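# Summary of structural features
The lines below spell out each chain.
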Amino acid sequence: MTTVPAAVWRHCLLLTLVASIGLVLPRPAAAEPLDERAFLRRFDAYDPLAAARAARVGVARAEVAAAAVQPDPKLSLDREDAFANAGGMPENSVRLAWPLDLSGRRSLRVRAAEAQVQAAARDGDHQRHLLRVQALGRYREAAFLRQRAQWAATALAMLEQAVAALRLRVAARQAAGYDLPRLELELARWRHERDPAMAA
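Each residue is numbered by its place in its chain's sequence as written, counting from 1. At least 70 in pLDDT is required for a residue's local features to be given in this predicted model, at least 80 for side-chain atom pairs to be given and counted, and no such filter applies to totals for whole chains, interfaces and linings, which use all residues. Working from all heavy atoms in the structure, the side-chain values ignore hydrogens and water.

## Regarding the packing of aromatic side chains
The condition is simple: The criterion for an aromatic pair is that two Phe, Tyr or Trp rings (for Trp, the six-membered ring) have centres within 6.5 Å, with stacked assigned to planes under 30 degrees apart, edge-to-face to planes over 60 apart and tilted to the rest. Numbering of helices and strands starts at the N terminus; helices are DSSP runs of H or I of at least 4 residues and strands are runs of E of at least 2. Relative accessibility under 20% of the residue-type maximum defines a buried residue, over 50% an exposed one, and the middle range a partly exposed one, all with a 1.4 Å probe and only protein chains included.
This model, assessed by the stated rule, comprises one aromatic pair. Residues Phe-39 and Tyr-139 carry aromatic rings whose centres are separated by 4.8 Å and whose planes lie at 35° to one another, so their mutual orientation is tilted. Remark: Tyr-139 occurs in helix H4 (residues 105–171) and Phe-39 occurs in helix H2 (residues 36–45); sequence separation between them is 100 residues. The burial state of Phe-39 is the same as that of Tyr-139; both residues are buried.

## Topic: the pattern of salt bridges
The following threshold applies: A pairing counts as a salt bridge when a side-chain nitrogen of Lys or Arg comes within 4 Å of a carboxyl oxygen of Asp or Glu.
The tally for this structure, following the rule as stated, stands at seven salt bridges. Of the charged contacts in the structure, one is a salt bridge between Arg-53 and Asp-47, with a shortest N-O distance of 2.6 Å. You'll find Arg-53 and Asp-47 in the same group, each marked buried. Note that Glu-184 is salt-bridged to Arg-167, the shortest N-O span being 3.0 Å.

## Details of the environment of Ala-97
Position of Ala-97 relative to the elements: it lies in strand S2 (residues 91–97). A sequence separation of 24 residues divides Ala-97 from Pro-73, and the C-alpha atoms of the two residues are 5.6 Å apart.

## Concerning the pairing of S2
How we decide: Being paired, for any two strands, means DSSP has found at least two bridges between them.
Among the seven residues of S2, zero are classified as buried, and the element is accordingly described as predominantly exposed. In this sheet, S2 lies alongside strand S1 (residues 74–80) in antiparallel orientation, the contact comprising seven bridges. Note on S2: the bridge partner recorded for Leu-75 is Leu-96.

## Some details on the environment of Gly-124
Relative to the helices and strands, Gly-124 is located in helix H4. Given the relative accessible area of 7%, Gly-124 is considered buried. Taking the C-alpha atoms as reference, Gly-124 lies 8.5 Å from Arg-56; in sequence the two are 68 residues apart.

Structure follows, in structure tokens:
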């Protein structure tokens, strides 16, 4: 299997993370996050190895054409004048040489080159599949983080409401105040985990 350079892997992962940022950052209420199909289409559009894979297949196809080419014929002109001083007539001859491969090696080279085309295409498909699996893993990880952030926001809002309600009840002497410091501490912890600036 062809080894993918580390720099290319880093570039692919960077593209994946950049495309996944939109899943984690807050979005307007009207905006919807990308589904998996749309995400993969966007990732494929920026695949840095697509051109390299196509180039390798193109080179392999060129080798098929080169293996099928017949050897060039050779045309030569000879002039021989063995008895020039004796008044003899010179002899001119034209030779045409065209090598013929009777062993079948040319057809074998063509078949081998065609097999290389298939191998290059399948290797490119394999690399593309690996990149898509990596990208999809990053997408699902980012989607999970976004969902967890939404759950945390909902839980924080519920805790804020509970603390506000308890403060009102304590102020009205309708509830004991010993639970309020514990809830306020828990609220401060949640706010700090969500945004350290909120806990200040």
